[in-house]
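Fold and geometry: a report
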Amino acid sequence: SPRPMLLSYCRRDSRRRACALLGVTPKASEAQIKKAFKKKALLCHPDIVVDEHRKVAATQDFLALEEAYSLLLGKNNSTPAAAAHHHAAHQSSGFRRHG
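Note that the structure is predicted; figures quoted are calculated from it, not measured.

**Focus: the overall build of the protein**
Tallying secondary structure elements over the protein gives four helices and zero strands in all. Overall, the protein shows an N-to-C arrangement of helices and strands of α-α-α-α. Restricting to contacts in the protein with at least 6 residues of sequence separation, those with at least 24 account for 50%. Only carbon and sulfur atoms are counted for the fraction: they give 57% of the accessible area of the protein, which is about 7400 Å².

So, in C-alpha cells, the structure goes:
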C-alpha cells in the first residue's frame with residue numbers, strides 16, 4: 001500500500017486526505033478521531049517499531065498521522081504524544097509555577 005504523504009494541500013483536500021489517512025468519515029466525532037489515531041499510531045510509532053530499516057518510514061507515517069489528527073481536531077500539537085512531550089519538556093526545564 002502507498003505510504004501516506006504529509007498533508008500540505010488546500011484545506012478541503014487536506015481534510016479529505018486526513019480522514020482517509022485515519023480511516024474516519026468527515027463527520028467523525030472527536031472520540032472517533034482519537035480512537036482511530038491511537039489505533040494507527042500503535043502500528044507506526046517510532047518508539048514501538050524495532051526494525052531499524054522500517055524506523056525512518058514509520059517516523060514519517062507517524063508524523064503524517066499527527067498532522068491529520070491535528071487538522072481534523074483543529075488544534076496545534078493536540079496529539080497525545082505531543083501533549084506528553086510538551087508536559088515532559090516543561091517538567092524538565094526547571095520552571096515550576098509557584099503559587
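**Structural notes on helix α3 (residues 52-73)**
Compared with the 32 Å implied by 1.5 Å per residue over 22 residues, the 32 Å span of α3 between its first and last C-alpha is a close match. If you check the start of α3, you find a side-chain oxygen 3.0 Å away from the backbone N of His-53, and it comes from Asp-51. At the exit of α3 stands Gly-74, carrying a positive phi of roughly 65 degrees.

**As for the nonpolar core**
Counting residues in each nonpolar core, the largest one holds 21 residues, and the members touching the most others are Leu-22, Val-24, Ile-33, Phe-37, Leu-65 and Leu-72. For this core, the secondary structure elements donating two or more residues are α1 (11-22), α2 (30-44) and α3. It is α3 that contributes the most residues to this core, nine residues altogether. Contacts of Val-24, omitting those with residues within four sequence positions, involve Cys-19, Gln-32, Ile-33, Ala-36 and Leu-72.

**Here's the deal with the pattern of salt bridges**
The full count for this structure, using the stated rule, is four salt bridges. Glu-30 serves as the salt-bridge partner of Lys-34, at 3.2 Å between the closest nitrogen and oxygen. On the criterion of helical spacing, the pair formed by Lys-34 and Glu-30 is a turn pair, its members being four residues apart in helix α2. Given a relative accessible area of 39%, Glu-30 falls into the partly exposed group. Arg-54 is paired through a salt bridge with Asp-61; the nearest N and O atoms lie 3.7 Å apart. Through salt bridges with shared partners, a single ionic network connects Asp-13, Arg-16 and Arg-17.

About the thresholds
- Residues numbered from 1 in each chain as written.
- Predicted model: local features only at pLDDT ≥ 70, side-chain atom pairs only at ≥ 80, totals over all residues.
- Heavy atoms only, no water.
- Helix = DSSP H or I, 4+ residues; strand = E, 2+ residues; numbered from the N terminus.
- Contact = heavy atoms within 4.5 Å.
- Areas by Shrake-Rupley, 256 points an atom, 1.4 Å probe, with all protein chains shown as cover.
- Expected span 1.5 Å × (residues − 1).
- Polar contact = N/O pair within 3.5 Å; in protein donor to acceptor, adjacent residues only side chain to side chain.
- Core = buried A, V, L, I, M, F, W, Y, C linked by side-chain atoms within 4.5 Å.
- Buried < 20%, exposed > 50% of the residue type's maximum accessible area, 1.4 Å probe, protein only.
- Salt bridge = Lys/Arg side-chain N within 4 Å of Asp/Glu carboxyl O.

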